[in-house]
Amino acid sequence: MKIGKRLIGFLLAGAMVLTMNGCGNGGGTQTEELKEDSKVESQAEENKGSAGAVEIKKVGIAMPTKDLQRWSQDGANLKEKLEGNGIETELQFANNDIGTQVSQLENMITNGCDLLVVASIDGSALTNVLDTAKASGVTVIAYDRLIMNSDAVSYYATFDNTKVGKLQGQYIADTLDLENQDGPFNLEIVTGPTDDNNVVFFYGGAMEVLQPYIDAGKLVVPSGQVSRQECATPEWSNQKAQERMENILSSFYNDGKNLDAVLCSNDSTAHGSASALAENYTGTWPIITGQDCEITNVKSIIAGKQAMSVFKDTRALADAVVNMITALSEGKEVPVNDTNTYDNGAGIIPSFLVEPVAATKDNYKELLVDSGYYTEEDLK
């Protein structure tokens, strides 16, 4: 009787093993898999909050130039905030030279940077050096300018650049009252370089607002230069913007014709255009748009020479990047708010967009001085 019970027990145990083997996949038994799963779950619980964390001890910050105030501010903001979080930084400015920026990035990788924050000069010129970064396990965040044709870019932090253009276009439409006035009003367009992907969004947003009025004949572009490429300003140079505007004025406004509005994509092109107008134009002063709220341009807004500039608070953008880096280092979900818009040719780049705001003579003090971005002394 005892032997029978043992035999039955043995047979039942064997049947259970066979059943468990039949449910398994491949060479391991289900029992082994369950044990392994249990170990993994136990380890995951032990490492909760740090799973997938990226060790970030040093961050390389690559900015295009020191010559424009905004890039100098961006670099300083990032450096200060990251170092305040105990992260070593290497900050470099490339003097708008692509070769210099490539060399700087190579050095950052060699010098042990775990992560690169890159505001590119030419968004299509960094593929090879970023391939090296990826092969070295270095994470890349594109900063304000999307880096194109590279699968090494993990994230993108920028402003809502389509909205930047819309704010500029809408300001012109509202100030000229294009909904109610037939015009025609004369408009000229000054964009940035063709190799800056942001210009696609600045120009696209503005023309989304203004193109219907051009089609309706309420806005006229006497120079005939309307496409993004025709209106480009290499390197965002105020000197080149000035030279182009001088040519437009001498060719199309030498008969006393009024220029009613100049859509300028940023403050350096606005400054160059205003300089050309001051020396070569005698008509009614036009509406001039801009972007970045550089000190010189805010002074022009106060003086009534520039109508508006789009305020992009670089402190908020630096905060967004620091939040991304902190999340990566802690193995948490990286904060993004756009996973559809920014395709760099190698795929959609998860992005965080900061909201821009229109700054005018009426609200500059609240936006820029009261917020601590500038002091009143800065703007005298």
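Residues numbered from 1 in each chain as written. Predicted model: local features only at pLDDT ≥ 70, side-chain atom pairs only at ≥ 80, totals over all residues. Heavy atoms only, no water.

**Description of the nonpolar core**
Moving on, step 1. Of all hydrophobic cores here, the largest spans 34 residues; its most connected members are Val59, Met63, Leu78, Leu115, Val117, Tyr143 and Ile325.
Moving on, step 2. At the level of secondary structure, the elements contributing two or more residues to this core comprise strand E1 (58-63), helix H3 (69-84), strand E3 (115-118), strand E4 (139-143), strand E5 (153-159), helix H7 (198-215), strand E10 (308-311) and helix H11 (314-330).
Moving on, step 3. The dominant element in this core, judged by the number of residues it contributes, is H11, at eight residues.
Moving on, step 4. By size, the runner-up hydrophobic cluster in this structure holds 25 residues, among which are Ala62, Val102, Val138 and Val140. (Core = buried A, V, L, I, M, F, W, Y, C linked by side-chain atoms within 4.5 Å. Buried < 20%, exposed > 50% of the residue type's maximum accessible area, 1.4 Å probe, protein only. Helix = DSSP H or I, 4+ residues; strand = E, 2+ residues; numbered from the N terminus.)

**Thoughts on the environment of Ile141**
Moving on, step 1. With respect to the element layout, Ile141 can be found in strand E4.
Moving on, step 2. The spacing of Ile141 and Val321 is 180 residues in sequence and 8.1 Å in space, taken between C-alpha atoms.
Moving on, step 3. Those residues in contact with Ile141, other than ones at most four positions away along the chain, are Leu115, Leu116, Val117, Val118, Tyr155, Ala157, Met324 and Ile325. (Contact = heavy atoms within 4.5 Å.)

**Some details on helix H6 (residues 161-175)**
Moving on, step 1. With 15 residues, H6 ought to run about 21 Å at 1.5 Å a step, and its terminal C-alpha atoms sit 21 Å apart, in line with that.
Moving on, step 2. Along H6, the positions that sit buried rather than exposed are Asn161, Val164, Gly165, Gln168, Gly169, Ile172 and Ala173. Along the axis of H6, the buried positions cluster into a sector of 165°, meaning they face one direction only.
Moving on, step 3. On its buried side, H6 packs onto E5, strand E6 (185-190), H7, strand E8 (261-264), strand E9 (287-288) and E10.
Moving on, step 4. The first or second residue beyond H6 is Asp177, which carries a positive phi of 55°. (Expected span 1.5 Å × (residues − 1). Arc of directions from axis to C-beta.)

**Re the sheet that holds E8**
Note: strands within a sheet are paired through backbone hydrogen bonds, in either parallel or antiparallel orientation.
Moving on, step 1. Ordered in space as E7-E6-E8-E9, the four strands form an open sheet in which the pairing is parallel. The open sheet is flanked by strand E7 (219-220) and E9, the only strands paired with a single partner.
Moving on, step 2. Bridging between E6 and E8 involves four bridges; their strand directions are parallel. The residue of E8 that forms the bridge with Ile189 is Leu263.
Moving on, step 3. Here H7 sits on the sheet in contact with E6, E7 and E8, set at roughly 160° to E6.
Moving on, step 4. Sheet strands touched by helix H9 (residues 267-280): E6, E8 and E9. Its angle to E8, the strand with the most contacts, is close to 150°. (Pairing = 2+ DSSP bridges. Axes fitted to C-alpha atoms, helices over the stretch in contact; angles between N-to-C directions.)

**Some details on H11**
Moving on, step 1. Counted at 1.5 Å a residue, the expected span for H11 with its 17 residues is 24 Å, and the 24 Å between its end C-alpha atoms agrees.
Moving on, step 2. Listed as buried for H11 are Thr314, Leu317, Ala318, Ala320, Val321, Val322, Met324, Ile325, Ala327 and Leu328.
Moving on, step 3. Immediately downstream of H11, the backbone of Gly331 shows phi near 70°, a positive value.

**Some points on the confidence of the model for the protein chain**
Moving on, step 1. Per-chain confidence: the protein chain averages 88 in pLDDT, with 86% of residues scoring 70 or above.
Moving on, step 2. Confidence drops under pLDDT 50 across residues 1-51; counting only partners more than four residues distant or on other chains, this segment forms eleven contacts. (pLDDT = per-residue confidence, 0-100.)

**Section: the pattern of salt bridges**
Moving on, step 1. Throughout the structure, instances matching the rule amount to 20 salt bridges.
Moving on, step 2. The salt bridge partner of Asp196 is Arg145, with a shortest N-O separation of 3.0 Å. Of this pair, Asp196 sits in the loop between E6 and H7 while Arg145 sits in the loop between E4 and E5, and the two are 51 residues apart along the sequence.
Moving on, step 3. Taking the relative accessible area as the measure of exposure, Asp196 reaches 3% and is therefore buried. (Salt bridge = Lys/Arg side-chain N within 4 Å of Asp/Glu carboxyl O.)

**Structural notes on the packing of helix H8 (residues 238-252) against H9**
Moving on, step 1. Packing of H8 against H9 brings their axes to within 7 Å, and their N-to-C directions diverge by 40°. By the angle class used here, H8 and H9 are oblique. Judged by the sense of rotation from one axis to the other, the crossing of H8 with H9 is right-handed. Between H8 and H9, the contacting residues are Asn238, Ala241, Gln242, Met245, Glu246 and Leu249 on the first element and Ser268, Thr269, His271, Gly272, Ser273, Ser275, Ala276, Leu277, Glu279 and Asn280 on the second.
Moving on, step 2. Looking at the contact of H8 with H9 residue by residue, the classes come out as five nonpolar, nine polar and two charged. (Parallel < 35°, antiparallel > 145°, perpendicular 65-115°, else oblique. Left-handed = near helix turned anticlockwise from the far one by under 90°. Nonpolar A, V, L, I, M, F, W, Y, C, P; charged D, E, K, R; others polar.)

**A short note on the sheet that holds E3**
Moving on, step 1. If you walk across this open sheet you meet the six strands as E2-E1-E3-E4-E5-E11, and the pairing is parallel. Each edge of the open sheet carries a strand with a single partner, namely strand E2 (88-93) and strand E11 (351-354). Each neighbouring strand pair of the sheet contributes to a mean axis angle of 15°, computed without reference to strand direction.

**A look at the packing of aromatic side chains**
Moving on, step 1. Per the counting criterion, the structure on display carries five aromatic pairs.
Moving on, step 2. Between Tyr156 and Tyr342 the ring centres are 5.1 Å apart and the planes differ by 75°, which places this aromatic pair in the edge-to-face class. Taken together, the residues span a long stretch of sequence, with Tyr156 in strand E5 and Tyr342 in the loop between H11 and E11 at a distance of 186 residues. In terms of burial, Tyr156 and Tyr342 fall into one category: buried.
Moving on, step 3. A centroid spacing of 4.9 Å and a plane angle of 45° characterise the contact between Phe201 and Tyr342, whose relative ring orientation is tilted. Highlighted residues: Phe201 in helix H7 and Tyr342 in the loop between H11 and E11, separated in sequence by 141 residues.
Moving on, step 4. Take Tyr342: its relative accessible area is 1%, and that puts it in the buried class.
Moving on, step 5. By way of ring pairs, the aromatic residues Tyr156, Phe201 and Tyr342 are connected into one cluster.
Moving on, step 6. Above the plane of the ring of Trp71 lies Arg70, whose end atom (NZ or CZ) is 4.1 Å from the centre.
Moving on, step 7. Of note, Lys257 hangs over the ring of Tyr253, and the distance from its end group to the ring centre comes to 5.9 Å. (Phe/Tyr/Trp six-rings, centres within 6.5 Å; stacked < 30°, edge-to-face > 60°. Lys NZ or Arg CZ within 6 Å of the ring centre and 35° of its normal.)

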